[in-house]
Protein chains: 6
Amino acid sequence: MRPSGRAADQLRPVSFVTGFTKHAEGSCLVRFGDTHVLCNATVEERVPPFLRNTGKGWVTAEYGMLPRATHGRSPREAARGKQSGRTQEIQRLIGRSLRAVTDLERLGERQIVLDCDVLQADGGTRTAAITGAWVALALATDALVARGLLPKSPLVEPVAAVSCGVCGEAAVLDLDYAEDSTAKADANFVLAASGGIVEVQATAEDRPIPRATLRALEDLAVAGVGELFRLQREALGRG
Amino acid sequence: MRPSGRAADQLRPVSFVTGFTKHAEGSCLVRFGDTHVLCNATVEERVPPFLRNTGKGWVTAEYGMLPRATHGRSPREAARGKQSGRTQEIQRLIGRSLRAVTDLERLGERQIVLDCDVLQADGGTRTAAITGAWVALALATDALVARGLLPKSPLVEPVAAVSCGVCGEAAVLDLDYAEDSTAKADANFVLAASGGIVEVQATAEDRPIPRATLRALEDLAVAGVGELFRLQREALGRG
Amino acid sequence: MRPSGRAADQLRPVSFVTGFTKHAEGSCLVRFGDTHVLCNATVEERVPPFLRNTGKGWVTAEYGMLPRATHGRSPREAARGKQSGRTQEIQRLIGRSLRAVTDLERLGERQIVLDCDVLQADGGTRTAAITGAWVALALATDALVARGLLPKSPLVEPVAAVSCGVCGEAAVLDLDYAEDSTAKADANFVLAASGGIVEVQATAEDRPIPRATLRALEDLAVAGVGELFRLQREALGRG
Amino acid sequence: MRPSGRAADQLRPVSFVTGFTKHAEGSCLVRFGDTHVLCNATVEERVPPFLRNTGKGWVTAEYGMLPRATHGRSPREAARGKQSGRTQEIQRLIGRSLRAVTDLERLGERQIVLDCDVLQADGGTRTAAITGAWVALALATDALVARGLLPKSPLVEPVAAVSCGVCGEAAVLDLDYAEDSTAKADANFVLAASGGIVEVQATAEDRPIPRATLRALEDLAVAGVGELFRLQREALGRG
Amino acid sequence: MRPSGRAADQLRPVSFVTGFTKHAEGSCLVRFGDTHVLCNATVEERVPPFLRNTGKGWVTAEYGMLPRATHGRSPREAARGKQSGRTQEIQRLIGRSLRAVTDLERLGERQIVLDCDVLQADGGTRTAAITGAWVALALATDALVARGLLPKSPLVEPVAAVSCGVCGEAAVLDLDYAEDSTAKADANFVLAASGGIVEVQATAEDRPIPRATLRALEDLAVAGVGELFRLQREALGRG
Amino acid sequence: MRPSGRAADQLRPVSFVTGFTKHAEGSCLVRFGDTHVLCNATVEERVPPFLRNTGKGWVTAEYGMLPRATHGRSPREAARGKQSGRTQEIQRLIGRSLRAVTDLERLGERQIVLDCDVLQADGGTRTAAITGAWVALALATDALVARGLLPKSPLVEPVAAVSCGVCGEAAVLDLDYAEDSTAKADANFVLAASGGIVEVQATAEDRPIPRATLRALEDLAVAGVGELFRLQREALGRG
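The text that follows walks through the structure, step by step, so that each part is easy to find. Nothing here was measured: the structure is a model prediction, and the numbers come from that model. Residue positions are counted from 1 within each chain, in the order its sequence is given. Labels follow written order: the first chain is A, the first ligand is 1, and so on. The model is predicted, so local features are restricted to residues of pLDDT at least 70 and side-chain atom pairs to those at 80 or more, both for listing and for counting; the totals for chains, interfaces and linings are taken over all residues. With hydrogens and water set aside, each side-chain value is computed from the structure's full complement of heavy atoms.

## Thoughts on the packing of aromatic side chains
Residue and element names in this part refer to chain A. For clarity, the cut-off: Working definition: a ring pair exists when centres of Phe, Tyr or Trp rings (six-membered ring for Trp) sit within 6.5 Å. Plane angles under 30 degrees give stacked, over 60 give edge-to-face, the rest tilted. Buried, partly exposed and exposed residues are distinguished by accessible area as a fraction of the type maximum, computed with a 1.4 Å probe on protein chains only: under 20%, between the cut-offs, and over 50%, respectively.
Counting across every chain of the model gives six aromatic pairs over all chains. Here Phe50 and Trp58 contribute two aromatic rings whose centre-to-centre distance is 5.1 Å and whose plane-to-plane angle is 90°, an arrangement assigned as edge-to-face. A relative accessible area of 53% means that Phe50 is categorised as exposed.

## So, the interface of chain F and chain E
Stated precisely, the cut-off is as follows: Contacts are assigned to residue pairs with any non-hydrogen atoms lying within 4.5 Å of each other. Buried area: the accessible area, evaluated with a 1.4 Å probe, that two parts lose upon being put together, summed over both parts. Definition used for salt bridges: Asp or Glu carboxyl oxygen within 4 Å of a side-chain nitrogen of Lys or Arg. Under the rule applied, a polar contact is a pair of N or O atoms within 3.5 Å (in protein, one hydrogen donor and one hydrogen acceptor; residues adjacent in sequence only if both atoms are side-chain atoms). A run of H or I in DSSP becomes a helix once it reaches four residues, and a run of E becomes a strand once it reaches two; helices and strands are each numbered from the N terminus.
Counting residues at the interface gives 36 residues for chain F, matched by 36 residues for chain E. Interface area for chain F against chain E, summed over the two sides, is near 2900 Å², with a carbon-plus-sulfur share of 46%. Summed over the three residues of chain F that lose the most area to chain E, namely Ile197, Pro208 and Arg211 of chain F, the buried surface amounts to 22% of that side. Connecting chain F to chain E are eight salt bridges. When the shortest N-O distance is used, the salt bridge between Arg215 of chain F and Glu218 of chain E registers 2.9 Å. Inspection of the chain F/chain E interface yields 22 residue pairs in polar contact (both at pLDDT 80 or more). Secondary structure elements with two or more residues in the side of chain F that touches chain E: α2 (85-99), β9 (197-204) and α6 (211-235) of chain F. A total of eight residues in the side of chain F that touches chain E trace back to one element, the largest contributor, which is β9 of chain F.

## Examining empty space enclosed by the protein
Put simply, the rule reads: Buriedness of a pocket was judged along seven lines, with at least five required to meet protein on both sides within 12 Å; pockets are open sets of points on a 1 Å grid over the protein atoms alone, cavities are sets where a 1.4 Å probe fits but cannot get out, and lining residues have an atom within 4 Å of a point. Grid points are joined across faces, edges and corners, and a volume is the space filled by probe spheres set on the points.
One pass over the full model with this rule turns up one cavity of 30 Å³ or more. Empty space within the largest cavity amounts to approximately 30 Å³. What lines the largest cavity is simply Phe20 and Thr21 of chain A together with His36, Leu119 and Gln120 of chain B.

## Description of the pairing of strand β5 (residues 111-120) of chain D
Across a regular strand the side chains alternate sides, sitting on one face of the sheet and then on the other. Residue and element names in this part refer to chain D. This is how the line gets drawn: By this definition, two strands are paired if DSSP reports at least two bridges between them.
Within β5, ten of the ten residues are buried, which leaves it mostly tucked inside the rest of the structure. Note: strand β3 (residues 35-44) against β5, nine bridges, orientation antiparallel. Its bridge partner lying in β5, His36 is registered against Gln120. The pairing of strand β4 (residues 58-65) with β5 spans eight bridges and is parallel. By the bridge assignment, Val59 is partnered in β5 with Ile112.

Next up, the structure:
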């Protein structure tokens with residue numbers, strides 16, 4: 001039995017609030033249960049130096065966590081004067097995941113920055129961030145199309161992410177904090193709507209795990225992510 | 001005529017959502033129109049070094065702004081590696097304002113940290129932050145009393161803040177961004193419910209202003225803040 | 001009775017030594033009693049990015065305190081690797097105060113930087129710094145006029161600053177450290193020679209103060225600052 | 001055909017030089033072809049704060065790259081004042097990988113730090129670092145046993161790592177820089193000698209990849225890592 | 001002919017103003033011509049960690065330069081967020097020079113920090129700083145003796161420093177900025193009153209110099225420093 | 001008797017391995033006994049801002065020490081976020097030493113960066129670094145000539161460095177760590193092959209030393225450095 005009473009292959013209640021803030025070109029508050037991440041997309045008419053005059057665009061991400069998003073208070077990174085290794089790892093992952101489903105040539109020489117800020121954390125902030133950031137990105141690119149700045153969306157397909165893990169002896173989907181902090185293995189799957197794999201990060205938390213276990217986690221993720229793609233479409237009114 | 005159509009002495013719609021996040025000892029999302037600030041109070045059973053073994057507690061604040069809270073995107077302070085002078089100035093002001101209405105001896109040797117994070121900005125973030133932070137602080141200290149950790153609330157009285165300014169030729173209350181960016185003078189008033197002044201910061205943005213103008217701004221603030229005290233009480237169920 | 005034996009409305013002995021250092025375009029050592037601040041003006045033939053090609057100039061300030069300017073030694077900010085919030089707050093105040101009396105269009109596309117370094121501190125370093133920085137600024141702009149680089153001084157009028165506070169029950173002018181550290185309220189007034197208010201920063205150090213008290217402090221400042229304007233004129237040989 | 005002429009399932013020539021430096025408790029220069037990483041283990045008789053008085057030890061790692069290890073010169077991280085996100089990601093991975101095969105209770109309340117410094121880079125520095133760091137760790141823990149400070153080695157089993165990727169249409173083992181920079185997918189496998197998985201990091205570099213491809217890469221890695229375990233044993237004289 | 005008209009072996013006018021600031025335990029403004037350095041000694045009743053419980057004390061120094069001490073304005077190190085290599089090199093030199101003439105056991109377990117801040121620079125700031133810092137150190141240690149905290153001064157003998165260099169073809173003493181910036185070789189000599197050498201730093205600025213030239217510079221320094229020792233004694237009233 | 005059994009005027013075994021890494025334009029591992037420094041030269045077709053459009057080039061150096069190069073582990077500078085004063089002092093010295101024997105006009109508008117990284121330390125790392133860096137610089141400039149990018153080598157003559165010190169009562173050459181840490185005086189001599197002095201840094205570690213002692217150290221260095229020049233030539237195949 002999971003602490004939340006969920007079935008092994010059951011996601012937490014997931015929801016998307018689009019337009020959560022008014023200034024961003026695309027804004028989406030995503031909730032995976034008690035994990036709440038505000039994803040804001042900013043369109044900038046310039047690219048990083050290595051892309052200048054190439055005709056190609058860029059998609060990148062920054063990640064942050066409000067100090068009291070967590071059970072105890074974490075020091076504010078701006079006050080400490082640097083981003084932790086964990087923060088940098090996550091924001092690099094979000095950026096790679098989004099670029100894997102974006103046609104950067106079609107985007108043209110502009111950059112879209114996704115700010116993913118965790119307002120409340122209960123496990124799985126990076127998978128929620130990727131899933132919500134794609135919605136914010138879709139809102140921003142749809143707006144570019146609507147304003148006639150792009151002939152066609154540069155997004156090739158949706159991307160979403162979910163965690164899986166081994167808790168006790170069972171493989172379970174979409175870990176919350178209670179599960180995450182005691183899991184024997186933990187894997188994050190970033191998957192594309194067409195079924196392809198964008199990124200896998202699997203870690204044995206205690207001792208090495210059998211290959212078959214990794215397979216079982218992958219099966220759970222592939223099944224579970226379908227619901228996320230459905231909710232993303234709904235949030236974008238593409239039901 | 002103000003851009004928002006408000007009367008000169010009229011506040012923006014103000015609201016408080018208590019319990020906006022679940023981990024903080026006191027949590028309040030305050031909205032002054034389109035300015036939205038999440039205020040979370042954390043109670044820590046330790047004090048800064050200069051207060052150790054004095055029996056006295058401390059109240060302090062940190063302030064931040066999400067990168068896309070504003071019209072254009074501002075660089076993330078955690079990524080830049082330091083807090084701006086503006087950020088530090090505001091968080092020092094919030095801390096002083098709250099301490100002015102707190103009996104630190106009654107609080108005992110513990111510290112309460114108020115994290116004020118701007119989710120969306122439209123002028124007046126510091127005054128909204130002070131006003132909302134006091135609610136979060138009251139929730140946290142009420143909980144200490146309810147749990148028997150304090151015999152009595154250490155809060156002496158409510159505190160709230162509002163900005164005033166000279167726009168065109170008129171003195172107006174509670175400036176939004178459109179007004180703030182063109183005001184000839186700008187003043188922030190931090191006031192206590194009993195009528196006393198906690199802090200005044202008045203700045204001539206263009207050329208020096210007459211003493212009488214400062215008086216007019218003060219009158220507006222003193223009148224306008226009454227509504228904030230009423231809404232604070234309501235948010236805390238002390239209607 | 002004040003610790004220094006001064007009357008409630010009496011300034012400390014104030015003096016200006018112009019030309020204290022030889023390289024600066026304007027240099028002035030200002031003394032408010034035992035508070036000594038060296039103010040050096042540097043004229044740079046370039047402006048910050050946001051003013052390029054606008055024809056407008058800029059006036060800005062930096063503030064520092066020698067480690068042993070104070071009773072005990074304070075850590076050197078350069079060694080700590082950052083400026084404190086207090087330092088940034090003060091240097092922003094000095095810059096704003098000077099810009100409020102400068103015609104930036106008349107200055108033309110150049111920047112004047114005022115370095116205000118406290119050699120010895122005994123309370124009121126920010127007010128001394130503003131008062132002395134204006135003298136250094138006037139020396140530098142007069143030199144621009146004398147060299148034919150400006151047809152006319154860009155300074156609209158003199159600016160000076162003084163602190164006031166409530167010590168015991170009395171409102172007193174120009175607090176020294178002994179008074180400052182025990183004051184119940186503390187206010188800094190930046191005033192223009194024509195009588196206008198440039199900036200007010202008033203803080204209740206203990207509990208909120210009555211509006212009438214703020215008025216009394218303002219009256220003291222307005223009266224006291226006249227002497228500062230007289231001494232500034234004298235220092236500039238405009239007797 | 002691979003640029004190096006290797007078969008798809010062929011490692012580069014791999015070698016270990018133990019005792020490369022004389023001060024470290026365990027020292028090993030590992031070479032995967034032209035990728036050379038110096039791994040030094042330091043035994044410290046103290047643990048990080050969160051482990052004090054728990055009887056448990058810790059294994060951690062730091063990673064660096066000499067500025068001219070690469071084709072062009074990279075800025076020195078010490079001079080830039082911070083470690084890049086990539087550096088932090090890699091050193092966190094090395095630490096996790098080693099802890100997964102270490103019995104931290106058996107290690108006792110001491111810390112072993114593995115410094116992995118890349119002297120020359122030609123792709124696969126993180127997998128070489130993990131493989132070499134385990135040898136340095138084994139040397140250091142064997143020495144603790146030999147000196148009677150530990151009754152038995154705290155190392156549960158060997159760990160090694162290798163990269164795989166899709167180059168052109170083929171899945172290949174142990175990518176060098178020429179392959180790595182053009183691969184369509186890239187995966188790092190950290191595997192234990194007993195066959196278990198310690199960590200998988202798989203990334204689609206261009207578009208999402210089929211699940212079957214990830215399987216093929218995993219098969220290659222599992223087959224290829226056997227040779228690494230054999231060479232590790234040989235290096236430690238456990239032939 | 002030297003730009004200043006001085007003879008080759010002639011110092012600039014040198015003077016010491018003791019008690020320049022009032023809070024420091026020892027304070028001295030030293031002037032070597034237009035180079036003015038404020039040296040303040042702070043006595044702290046604690047030592048760096050490596051000396052705790054050894055009964056030995058420590059003498060250390062920090063060096064800084066006001067931004068407009070120089071011809072053009074140099075960026076403020078506190079604002080840049082770090083001390084330059086030059087600053088660190090100089091402050092390490094000052095500390096070593098003073099420790100070489102201090103009996104650290106006799107000082108007892110306390111630390112004396114010498115803050116050397118350049119108010120105005122015209123070449124030779126490090127040699128002026130050493131020479132003035134010794135006076136400030138002597139004032140502070142004399143005060144410890146006078147207050148009965150030390151039975152006897154821990155200072156073994158005076159130390160002073162002077163620069164020499166090759167300008168044109170001539171070896172000259174005590175270079176000012178005009179000479180320093182065009183010298184072919186530059187040497188700083190830190191010498192003890194008893195005639196011993198504390199530190200020599202000699203640098204060929206252009207091409208290597210003959211050994212005989214270094215000898216000539218050393219002879220100049222040894223001769224010139226006598227006057228500095230005489231003035232130090234005078235400043236301390238030990239005429 | 002020296003700890004190593006060497007005669008007073010005897011160098012440690014010195015060797016140069018050229019081409020130690022493959023990417024650098026010039027690469028040399030230099031060993032002075034157990035002190036091993038990897039020196040890599042990078043040629044960049046750009047110069048620092050102050051040299052742009054002057055037709056002159058630049059030679060500069062960076063220095064680092066692997067954390068476990070030393071007896072105990074030193075914190076990694078990249079992780080601490082800054083280079084120590086010692087590191088900066090050494091890299092400035094290496095750069096000056098190399099520039100003193102380089103014709104920067106002949107080099108043309110390009111920069112050569114020498115990265116000197118200590119793999120293992122046993123005293124004298126800065127002198128080994130200078131001696132090895134010159135070999136790396138010669139390899140890089142010879143390659144520029146060989147590729148027809150320079151008509152002639154910009155190197156005027158070889159430079160090498162060695163330390164000397166007073167251990168017990170004796171003046172000895174090329175101190176190892178055991179000697180260095182107990183020496184009464186320590187001097188580093190940077191000398192040119194033609195016999196000229198490039199830089200001298202002599203420090204009394206305990207009490208001031210007689211001028212005659214400095215002379216004796218200099219004599220030792222001048223004699224000892226000849227062997228270094230011979231080995232440099234041999235390493236470059238100019239036997």
